[in-house]
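# Overview (structure and organization)
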Amino acid sequence: MSYQFLQLEQHDQVAYVWLNRPELHNAFNTTVIEELHTCFKQIAIRDDIRVVVLAGRGKSFSAGADLNWMKQAGQASTEENEADALKLAQMLEALATLNQPTIARVHGIAFGGGMGLASACDICIASTDAKFATSEVRLGLAPSTISPYVIRAIGARQASRYFLTAERISAHEAKQIGLAHEIADAEDLDKKVQEIIDALLLGGPHAHEASKQLIQMVSNQSMNDELLRQTAQHIAQVRQGSEAKEGLTAFLNKQAPAWTSNSNNNN
């Protein structure tokens, strides 16, 4: 499928989704949101894609919402405004719930919705020149649709500061507060991303999916008998799968499991 503001590339088992509106720092509009949503939905059903990297062309990862688009949305009716915002919320959910592990490759600015994209990914690797911000309050807005993912990434306490001040967050600060997992100099950014990709490809694809489901299930729950039961049921189901049997047998026989053969051959 061809896109107006995206580029989708596949290298072996890795899909690279490039935001491609560089003249506007990859800002969102209706088309960008719809194309991202469609792209994520298509990737979700692709067994030949095991890792997804989200990145931006040009000088920035994403400046967030196109202000002209936001102004037009604000002038629409309540129903139209809600429907428009829901499309952004659904796109972010499609990214956050992908079966495959996701990596945000962040350089330049990641403001507003751009910070939301980075937070919705499982892993964030940032260039040392990267800057993040939930900048909405300075426009008289609030970071509503991105809030579940940003709060998941940095916690409510840090969000209490940055949602209200809209301060710019450096790459080093982003790592300190849990937003970025790793930072690297610009010339080493792709090398660092590749290191994470290589580590991910050593894991089983169904195990990745199960682990992502586990995080959703356990997060923010108190330890109780019901949670103990849920986690026991979860591992029991995973253990009975063919992938787990293959992995355990391979480990005991000191062999590589089948799912690593393609990645080993490609490296």
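Residues numbered from 1 in each chain as written. Predicted model: local features only at pLDDT ≥ 70, side-chain atom pairs only at ≥ 80, totals over all residues. Heavy atoms only, no water.

Here we come to the overall build of the protein chain. For the protein chain, the count of helices and strands is 11 helices and nine strands. The C-alpha radius of gyration computed for the protein chain amounts to 19 Å, which stays within 12% of the reference 18 Å derived for 267 residues, consistent with globular compactness. Seen through its principal axes, the protein chain has C-alpha atoms that stretch 60 × 45 × 35 Å. Looking at the protein chain as a whole, 43% of its 267 residues qualify as buried. Within the protein chain, residue pairs in contact and separated by at least 24 positions form 70% of the contacts whose partners lie at least 6 positions apart. Surface accessibility of the protein chain: about 14,000 Å² in total, with carbon and sulfur atoms responsible for 52%. Across the protein chain, the centroid of the 23 positively charged side chains sits 4 Å from that of the 30 negatively charged ones. (Helix = DSSP H or I, 4+ residues; strand = E, 2+ residues; numbered from the N terminus. Rg over C-alpha atoms; globule rule 2.2 N^0.38 Å. Buried < 20%, exposed > 50% of the residue type's maximum accessible area, 1.4 Å probe, protein only. Contact = heavy atoms within 4.5 Å. Areas by Shrake-Rupley, 256 points an atom, 1.4 Å probe, with all protein chains shown as cover. Lys, Arg positive; Asp, Glu negative; His and termini not counted. Charge placed at Lys NZ, Arg CZ, Asp CG, Glu CD.)

On to the sheet that holds strand β5 (residues 109–111), then. Pairing within the open sheet is mixed, and its three strands lie in the order β5-β7-β8. Of all strands in the sheet, those with a lone pairing partner are β5 and β8 (169–170), marking the two edges. Across three bridges, β5 lies against strand β7 (residues 131–133) in parallel orientation. Paired with F111 across the bridge in β7 is A133. (Pairing = 2+ DSSP bridges.)

Note on strand geometry: in a regular strand, side chains alternate between the two faces of the sheet. Burial runs high along strand β4 (residues 102–106): five of the five residues are buried. Alternating positions in β4 separate into two faces, T102, A104 and V106 on one and I103 and R105 on the other, with burial throughout. In terms of strand pairing, strand β3 (residues 51–56) meets β4 through three bridges, oriented parallel. Paired with L54 across the bridge in β4 is A104. The pairing of β4 with strand β6 (residues 123–127) spans four bridges and is parallel. Pairing of A104 across the sheet is with C124, part of β6.

Once that is clear, we can look at the environment of H37. Mapped onto the fold, H37 is located in helix α1 (residues 30–44). C-alpha separation for the pair H37 and S211, spaced 174 residues apart in sequence, amounts to 23 Å. Setting aside residues no more than four positions away along its own chain, H37 makes contact with Q90, M91 and A94.

Another aspect to go through is unusual backbone geometry. With a phi close to 55°, D12 is a non-glycine residue in the positive phi region. Here the phi dihedral of N26 falls at roughly 55°; this positive angle occurs in a residue that is not glycine. Within the secondary structure, N26 sits in the loop between β2 (14–19) and α1.

Three or four residues apart is the spacing at which side chains of an α-helix point the same way, because the helix has 3.6 residues per turn. For helix α8 (residues 205–218), with 14 residues, the first-to-last C-alpha span of 20 Å sits near the 20 Å given by 1.5 Å per residue. The set of residues buried in α8 consists of H208, A210 and K212. Those residues of α8 hidden inside the fold are in contact with α3 (78–96), β4, α7 (189–200) and α9 (225–239). Looking one or two residues beyond α8, the residue adopting positive phi is N220, at roughly 65°. (Expected span 1.5 Å × (residues − 1).)

All right, on to the side chain of E243 then. Mapped onto the elements, E243 comes out in helix α10 (residues 242–252). An unpaired buried charge is present at E243: no salt bridge exists, and R50, the closest side chain of opposite charge, is 6.7 Å distant. Once residues lying within four places of it in the same chain are set aside, the contact partners of E243 are G204, P205, H206, A207 and W259. (Salt bridge = Lys/Arg side-chain N within 4 Å of Asp/Glu carboxyl O.)

Right, let's get into α9. For α9, built from 15 residues, the straight-helix expectation of 21 Å at 1.5 Å per residue is met to within 8% by its first-to-last C-alpha distance of 21 Å. Between the side-chain oxygen at the start of α9 and the backbone nitrogen of E226 there is a gap of 3.1 Å, and the oxygen is on N224. (Polar contact = N/O pair within 3.5 Å; in protein donor to acceptor, adjacent residues only side chain to side chain.)

This structure, assessed with the given rule, holds zero aromatic pairs. Over the aromatic face of F5 sits the side chain of R21, whose NZ or CZ is 5.0 Å from the ring centroid. The ring of W18 carries the charged tip of R57 above its face, separated from the ring centre by 3.8 Å. (Phe/Tyr/Trp six-rings, centres within 6.5 Å; stacked < 30°, edge-to-face > 60°. Lys NZ or Arg CZ within 6 Å of the ring centre and 35° of its normal.)

Turning our attention to the pattern of salt bridges. Under the defined criterion, the tally for this structure stands at nine salt bridges. For D48, the salt bridge goes to R46, with nearest N and O atoms at 2.8 Å. With relative accessibility at 36%, the residue D48 sits in the partly exposed group.

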